[in-house]
Amino acid sequence: MHSVDYSFLQALWFILICILWIGYFVLEGFDFGVGMLLRHLGHNDADRRAIIHAIGPMWDGNEVWLLTAGGATFAAFPLWYASMFSGFYIALFLVLFALIIRGVAFEFWGKDDRPRWRATWEWAIVIGSFLASLLFGVAWANIVHGVPINAQQNFTGNLFTLLNPYALLGGVTLVLLFISHGAIYLNMKTGGDLPERARGVAKWASPAAAVVGIAFLVWTVIDMNDRTGASVAVAILGAIAAVLLATAAVSELGRRPGVAFGISTAAIAMLFVTLFVDLFPNVMPSTTSSLYNLTIANTSSSSKTLAIMAVVAVVMVPIVLAYTAWSYWVFRKRVSPEDFDRTTKNPLDLVGSGGKSAGTGAGPDPGSAPAG
Amino acid sequence: MTALDLARLQFATTTIFHFLFVPLSIGLAFYVAVNQTLHYRTGKEVYARQVHFWGRLMLLSFAVGVVTGIIQEFQFGMNWSEYSRFVGDIFGAPLAMEALIAFFMESTFLGFWIFAKGRVSPKTHLVSIWLVSIGSALSAFFIIAANSWMQHPVGYKMVGGKPHLTSIWAVITNNTAIAAYIHVLAAAALTASLVTIGVAGYHLRREHQVDAFTTAIKVALPILCIGVVVSFLAGDQLARLLIKQQPMKMAAAEALFNTEKPASMSLLATGDFTANPGHTNRDLKIPHVLSLLATRSWDGQVLGVNQLQKQYEAKYGPGRYYPYVAVVYWSYRIMVYLFLAMAIFALVGFILWRRGKLAVSRRFQRIAIWMAVTPFLVNTAGWVMTEVGRQPWIVQGLMLTRNANSPLVTTAQVAGTLIGFTLIFTAIGGVALWLFLREARKGIHEEAPAPGGPGAPDLSLAY
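Residues numbered from 1 in each chain as written. Chains lettered and ligands numbered in written order. Predicted model: local features only at pLDDT ≥ 70, side-chain atom pairs only at ≥ 80, totals over all residues.

A.B. asks: Sorry, what's going on with the overall build of chain B here?
C.D. replies: Along the backbone of chain B there are 14 helices and 6 strands. Compactness check: chain B gives a C-alpha radius of gyration of 23 Å against a globular reference of 23 Å for 463 residues, within 12% of the reference. In chain B, which comprises 463 residues, the proportion classed as buried is 55%. (Helix = DSSP H or I, 4+ residues; strand = E, 2+ residues; numbered from the N terminus. Rg over C-alpha atoms; globule rule 2.2 N^0.38 Å. Buried ≥ 20, exposed ≤ 12 C-beta atoms within 10 Å, placed from the backbone.)

Next up, the structure:
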């Protein structure tokens, strides 16, 4: 009885952590994509301010999904957390570097209007978003494929062990997928010329993400077949993810921006569902010996800790989701470069100029559509 | 240096840097929330201008504080994997709760507060800054609860050589955690109020925006006074807990090498600069005071480093169980002496206020500028004392620091990331400080941001 409860709690926490990662990737995925496209789509300061404002109220909250996934992994599977974080040492340092320069860049950017200052922090956002996307793809591909782990649960490889072709394909997949996701988001959330330019990016990025993503999925299924034998579930889920990726690539961006964003979100979610189902019940297989595989059973906290944290999660997650959704609803309107394209530098003057300014715009906005 | 030494240095560097911003952010969020409430209640424009000015400074502090906080959660796994394996059953829970309960609230409503001004009702906007303030203060609670468990482990039983959680309630209501949390909140109040008074002093000296900055001081001074009293009371409580829970830390903090009864408090001591010189060379003391503070009795006994070392050897086997005494002693002195300076400054400020001389006392204004630096030194010194004083333990009595680092992470890797983090922190810290000083020097906007109704968003706080 007791052990049944325990393995149930372990599986529950594996699922919860997967949900946190999926939440992280679908949410921060679009703000990473928007970040990567900042200089490409934004031709002048007003464009770039509109692009930044399109994710301004959300990006920081989106990043908390990562912190929660990290904290939950520490609480529920401390031995997984210890092996993964010490093993992916340099990769994680680079992730932290990317997130740090990107995070401060949003705040620093508007504090001065010299072109070099602006360009510096814009590049910090572009590079930070790119590097983090790439590394998360590389990291998750490695986790699913397995890495060299010894009997003491320690990673015995180095940074170059992680940079194998399969993992790099995972990294490229995530970069393209987030560029596409970000472009589809901007198509939905911006005004003026920006949606059209965003569609121009989505036109190549979404098909590219679909092609690379499907290749990655196929490799994942074949790889799994080699390691643990075929799994029908993984093949079916991978096929659904592939269909969603293909649908996102051909979806109608002009007329139904919200639907297109929904499909893109579902595609990212299904890609990761496929990876997680492939992984389960391992959490990080060992390529050294399957005896050393890290699993939900040999890395988890006690049933008491898992049960307590499950209660906390059950209470808190709906509350967090509710106010997050409400905040997204408040900021549902499109942001246009025209809102910022004034000769006046002081935003206070914008406010003084009346109701048609900045962001929500009380006046009718012809391209406006509510966010998905 | 070994990988272990470098990992310790990295933890010290990243944590000290992070904590320069944490109390400032928590304190300023509260200060801004108070001003916004005053504006909401009185409708006076001067408070709206305060919100705008201090709010922008707060956002700079938050930006650096938040991104450097991500490292804190990652580096337990990166550099301290054996520690994470050992304590995971207990230590991870408060970190996960911190993210779920506090970080989401803080980050979501901070973004909301920045961008929703004018888009939602003033009341909703006011609620959002309070949620930022509460969220940031709550996040401090969970991390303090986690740290306090390292100082004073409770609510566990040993199973197969590892602590297993028996009571999350015990971990959360750990007496060390409660006292340390109140101490940290008071430190946040001291930090933000001294920074605001310092900035205000700078402008008042130049007779610049006298009314606005006098108002700023009048809002900050009560917070400073409360901070002084509360941080003393909580600090005193912590010291008394220390005597019971970590007597070695207390002995080192007082450079008390041999047990005294009654125990004197050291004002100024010198000693050989080795980890444990065994005795002081010179020591200026006030008799009975340590006994009074630590035991609440005139002749109470306080154990010394040498006697405690013998006790611990008997209990835990041969080894060195003392920290680097001089570091603990001097960090404690810096904290206490600068705190006394803050208390005197608060008192003087209060008297000047009563006499209506805040805007005219040039000496007070000049000192105020320097006092703005002190909380950062005090906060750093406090953590150095707390963390160095626990050594050689990473978890008091349960795990030694030298057994806690990641076994297969190489010296070169730790050195590389240490250099990397130091460079990044120097760069963004330098930029943030420069921007902070520049914004602070500009002064408060002459006109209050337009109140704004629905449909007229006010982006004066946004990037």
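A.B. asks: Sorry if this is basic, but what is going on with the overall build of chain A here?
C.D. replies: Per the secondary structure count, chain A includes 15 helices and 2 strands. Against the globule reference of 21 Å for 372 residues, chain A gives a C-alpha radius of gyration of 22 Å, in line with a compact fold. Put simply, chain A has 372 residues, and 58% of those count as buried. For chain A, restricting intrachain contacts to residue pairs at least 6 apart in sequence, the fraction spanning at least 24 positions comes to 77%. (Contact = placed C-beta atoms within 7 Å.)

A.B. asks: Looking at this structure, how should I read the interface of chain A and chain B?
C.D. replies: The extent of an interface is frequently quoted as the accessible surface area lost upon association of the parts. Between chain A and chain B, the contact holds 68 residues from the first and 65 residues from the second. At 14 residues, the largest contribution of residues to the side of chain A that touches chain B is made by helix α6 (residues 89-109) of chain A.

A.B. asks: Could you clarify how one ought to interpret helix α7 (residues 210-245) of chain B in this entry?
C.D. replies: For the α-helix, the turn length of 3.6 residues means that residues three or four positions removed from each other point alike. Over its 36 residues, α7 of chain B runs 50 Å from end to end, which matches the ideal 52 Å to within 8%, given 1.5 Å per residue. At Ala-220 of chain B, α7 of chain B shows its maximal bend, which comes to roughly 25°, and the proline Pro-222 of chain B appears one to four places after that position. (Expected span 1.5 Å × (residues − 1). Bend = angle between axes of the 7 residues up to and from the residue.)

A.B. asks: Whenever I open this one, the nonpolar core confuses me. Can you help?
C.D. replies: Among soluble globular proteins, nonpolar side chains are generally buried collectively. Residues Leu-96, Leu-186 and Leu-245 of chain A together with Ala-96 of chain B are the most contacted members of the largest nonpolar core, which totals 290 residues. It is helix α3 (residues 81-115) of chain B that provides the largest number of residues to this core, a total of 22 residues. (Core = buried A, V, L, I, M, F, W, Y, C linked by C-beta atoms within 7 Å.)

A.B. asks: What is the right way to look at the packing of helix α5 (residues 78-87) of chain A against α3 of chain B in this model?
C.D. replies: Packed helix pairs are characterised by how far apart their axes lie and by the angle those axes make with each other. Look at α5 of chain A against α3 of chain B: their axes get within 8 Å of each other, and the N-to-C directions meet at 145°. Here α5 of chain A and α3 of chain B pass one another in a crossing that is right-handed. Only Ser-81, Ser-84, Arg-85, Gly-88, Asp-89 and Gly-92 of chain B of α3 of chain B make contact with α5 of chain A, whose side of the interface consists of Pro-78, Leu-79, Tyr-81, Ala-82, Ser-83, Phe-85 and Ser-86 of chain A. Among the residues forming the contact of α5 of chain A with α3 of chain B, the class breakdown is 5 nonpolar, 6 polar and 2 charged. (Axes fitted to C-alpha atoms, helices over the stretch in contact; angles between N-to-C directions. Left-handed = near helix turned anticlockwise from the far one by under 90°. Nonpolar A, V, L, I, M, F, W, Y, C, P; charged D, E, K, R; others polar.)

A.B. asks: Can you help me understand the environment of Arg-402 of chain B in this one?
C.D. replies: Residues and elements named next belong to chain B. Among the structural elements, Arg-402 can be located in the loop between β6 (399-400) and α14 (411-442). Through-space distance from the C-alpha of Arg-402 to that of Gly-420 is 23 Å; in sequence the pair is 18 residues apart. Not counting residues within four places of it along the chain, the set of residues in contact with Arg-402 comprises Leu-4 and Pro-392.

A.B. asks: So what exactly am I meant to see when it comes to the packing of helix α11 (residues 325-354) of chain B against helix α13 (residues 374-390) of chain B here?
C.D. replies: Residues and elements named next belong to chain B. The geometry of α11 relative to α13 is characterised by a closest axis approach of 8 Å and an angle of 150° between their N-to-C directions. As α11 packs across α13, the resulting crossing turns out to be left-handed. Packed against α11, whose contacting residues are Val-327, Val-328, Ser-331, Tyr-332, Ile-334, Met-335, Leu-338, Phe-339, Ala-341 and Met-342, the element α13 presents Thr-374, Leu-377, Val-378, Ala-381, Gly-382, Val-384, Met-385, Val-388 and Gly-389 at the interface. Residue composition of the contact of α11 with α13, by class: 15 nonpolar, 4 polar and no charged.

A.B. asks: Please explain unusual backbone geometry as it appears in this structure.
C.D. replies: Among all residues save glycine, negative phi is the norm, and among peptide bonds the norm is trans. Residue and element names in this part refer to chain B. Note the cis peptide between Lys-261 and Pro-262, where omega equals 0°. Within the element layout of this structure, Pro-262 appears in the loop between α8 (247-253) and β3 (265-270). Cis rather than trans, the peptide bond between Gln-391 and Pro-392 has omega equal to 10°. Look at Gln-209: it is not a glycine, yet its phi comes out positive at around 50°.

Shape descriptors only; they carry no functional weight alone.
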